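Residue-level listing of the chains:
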Amino acid sequence: MEPLQSNIFDCALIFEGGGMRASYTAAIANALLSEGIYFDHVYGVSAGSSNTANYLSRDKWRTWASFTILAEYPEFGGLRSFLQHKGMFSAHWIYQEAGLPDGAIPYQFDVFSANPAKLTICAIERDTGRTRYWTRENMPTLEDLMLRVRASSTLPIAMPPVKVDGQVCYDGGLGEGNGLLIPAAANDGFAKFFIVRTRPKEYRKPERPGRAVLDFFWRYPHMREALLRWGPGYNSMCDLAEQLQEEGYAYVVYAEDQLCENSTTDVDLLKLNYELGKAQAQRDMPKWKEFLGVR
């Protein structure tokens, strides 16, 4: 293997989450790889943490497969999985089995390890409300990496929680940044951001979460507080991303033709969604390169 190098050092790459909506943004990740655009620090939350890990493995097939054909495997999830207390999305299989060397979509951990680029992903601790950030230091093995990607992606109710370092964790979108790790990147010294959204520009979350998810966490006040902050916090981050773009400090890639929801499992629709993301990337690549200073 030839030594891997980064070539974008002054700009953070930030992937938004969104469940299977990330079939659209997986195409954005692959477009960057196809053009040889290698960011030196990548941030991701929830499904964005999967895109982050796949991007850093430079495996375009797995980046595509993770949000398309993986859903056609019976082990992926569904009502039977939910009734067996594995979740509507069978998280252990998706994150801790499918990526093994003999799994459905093997993960190239050797390439990930050889890649000098840094990554930051996060989850929220159920019992403390603290946002847990993880970097390469926390991921010396494939198991360590995928456990943390799973934790970052654990949707309440739809997926069973997972313990990391003794703490029960849920989706990082409920933590600091509320799904867009702009503050984390800024704290690391970045003033320029390439933000990949899974929503169109006009989307904003409801100010309050549904009653069912609040009731689900009736014994966990920190989670209820996080849920109540989620909508306003997320909307504030959307506004910040727009402001940064207007001021020239960010380029925001919006999923303009998004067809999917976070729970979509129709493989044909997921593949079509990917193709729509790919088409947008091909159309807008010259503008991306101009912002990034890439020839």
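Coordinates for the structure precede this section.
Note that the structure is a prediction, hence the values are computed from the model and not measured.

Student: Hey, could you run me through the pattern of salt bridges in this one?
Tutor: For the structure on display, the rule yields 17 salt bridges. Close ionic contact of Glu16 with Arg197 constitutes a salt bridge, the shortest N to O distance being 2.6 Å. Here Glu16 is found in the loop between strand S1 (12-15) and helix H1 (22-34), whereas its partner Arg197 is found in the loop between strand S7 (193-196) and helix H9 (211-216), with 181 residues between them in sequence. Residue Arg197 is classed as buried on the basis of its relative accessible area of 1%. Note that Arg211 is salt-bridged to Asp215, the shortest N-O span being 3.3 Å. Of this pair, Arg211 and Asp215 are both found in helix H9, 4 residues apart, which corresponds to roughly one turn of the helix.

Student: What is the right way to read the pairing of strand S2 (residues 41-45) from this model?
Tutor: Of all 5 residues making up S2, 5 are buried, and the element is well covered by its neighbours. Covered by surrounding structure in S2 are His41, Tyr43 and Val45 together with Val42 and Gly44, the residues of both alternating faces. With 3 bridges connecting them, S1 and S2 associate as parallel partners. Bridged to Leu13 within S2 is Val42.

About the cut-offs
- Residues numbered from 1 in each chain as written.
- Predicted model: local features only at pLDDT ≥ 70, side-chain atom pairs only at ≥ 80, totals over all residues.
- Heavy atoms only, no water.
- Salt bridge = Lys/Arg side-chain N within 4 Å of Asp/Glu carboxyl O.
- Helix = DSSP H or I, 4+ residues; strand = E, 2+ residues; numbered from the N terminus.
- Buried < 20%, exposed > 50% of the residue type's maximum accessible area, 1.4 Å probe, protein only.
- Pairing = 2+ DSSP bridges.

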